[in-house]
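An overview of the molecular structure
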Amino acid sequence: MPPKVFRMTLPVRTLLAMVFFAANSVLCRLALLDAHMAPASYTAIRVASGALLLWALCAGRLALAARPDGPGSLPALWRAGDWPAALALLAYMACFSWAYVDLPAAAGTLVIAVAVQGSMFGLGLLAGERPGRRQGLGLGLALAGLVALVLPGLSAPPVGAALVIFVAGAAWGVYSVRGRTARDPLAATAGNFLRAAPCALLLPLLAGDGLPSGPGVAYAVAAGALASAVGYVLWYAAVARLSVTMAAVVQLCVPPITAAGGALFLGEAVTARLAASSLAILGGVFLCMTARRASAARVTEHPRQGAPAGTRTKAP
């Protein structure tokens, strides 16, 4: 079981994960654009620091449980991860960092959102999920809000960078869906980071980067050990209880949260457009969430023919 700090209600867990995702975007901006850190070095430090913190959390849990063969030992953590998820995690982090430098922020936000939504909706359809009309309306409203948020800065992105950020979004979609089967979110996330770390540490060598220094290193450590490690554990704990459709839509909350973080910590302006588009995005997410509850309530009140009265049946 995860530590008590991760045992919280699903809405709180999901909201905190989105806040950590937004913090990742802010830290990435600070490291790559303000501190001019090399993308490969940033990715390597981010993955390695995340792996170290997650291993420490698992080792601490193991010590408290006094179980030498428990899920905190390195062999057990390695087994808790899986290569498809680990490679998807590495692909997301590396591609995102590389494209972030060359891609306008507005275009990058839109392209990665489309990639995440497309990959997760596609995987959801393959798994048999069929979004209802109200969920489709909510997704449309949220995407319209996202377009309104980024439209003033939207311009045609470089094709190469756009393809790379699209790969990043698709990889994140795969990583998210893989988390739906994780029985122990902390151990699974730790295992994925541990498997990805050796490959990530090779990236600066392959890119010919020098030894990183300065504030960029601190930003990368914060992004890996806090925003990524803790945020991804919370996400794996949440995504197991969300439909693939809902897990995809809820991530559209990240851009307005990121914009709010930019206003709070970077002194960026809060405009009427930001407020209106954020309301549209959050309203769309709310529509999707209430559609799921309404569907479950209708099925409970009107069970399928042949089911005993009062029997709870699964929502479509």
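What counts as what
- Residues numbered from 1 in each chain as written.
- Predicted model: local features only at pLDDT ≥ 70, side-chain atom pairs only at ≥ 80, totals over all residues.
- Heavy atoms only, no water.
- Disulfide = S-S within 2.5 Å.
- Axes fitted to C-alpha atoms, helices over the stretch in contact; angles between N-to-C directions.
- Helix = DSSP H or I, 4+ residues; strand = E, 2+ residues; numbered from the N terminus.
- Parallel < 35°, antiparallel > 145°, perpendicular 65-115°, else oblique.
- Left-handed = near helix turned anticlockwise from the far one by under 90°.
- Contact = heavy atoms within 4.5 Å.
- Nonpolar A, V, L, I, M, F, W, Y, C, P; charged D, E, K, R; others polar.
- Phe/Tyr/Trp six-rings, centres within 6.5 Å; stacked < 30°, edge-to-face > 60°.
- Buried < 20%, exposed > 50% of the residue type's maximum accessible area, 1.4 Å probe, protein only.

**Some thoughts on the state of the cysteines**
- Counted according to the given criterion, the structure contains zero disulfides.
- Left unpaired, Cys 253 is separated from the closest cysteine sulfur, that of Cys 288, by 9.9 Å.

**Things to note about the packing of helix H1 (residues 10-34) against helix H4 (residues 83-102)**
- One way to put it is that H1 packs onto H4 with a least axis distance of 10 Å and a crossing angle of 60°. The angle between the axes of H1 and H4 places the two elements in the oblique class. Between H1 and H4 the crossing geometry is right-handed. Contact residues: H1 offers Ser 25, Cys 28, Arg 29, Leu 32 and Leu 33, while H4 offers Phe 96, Ser 97, Tyr 100 and Val 101.
- In terms of residue class, the contact of H1 with H4 is made up of six nonpolar, two polar and one charged.

**Quick look at the packing of aromatic side chains**
- All told, the structure shown has twelve aromatic pairs when counted by the stated rule.
- Ring centres 5.4 Å apart and planes at 50° place the aromatic pair Phe 96 and Tyr 100 in the tilted group. Residue Phe 96 and its partner Tyr 100 are located together in helix H4, separated by four residues, close to a single helical turn.
- Classification of Phe 96 by relative accessible area gives buried; the value is 10%.
- The exposure class of Tyr 100 is buried, given its relative accessible area of 16%.
- These aromatic residues form a ring-pair network of at least three members: Phe 21, Tyr 92, Phe 96, Tyr 100, Trp 172, Tyr 175, Phe 193, Tyr 232, Trp 235 and Tyr 236.

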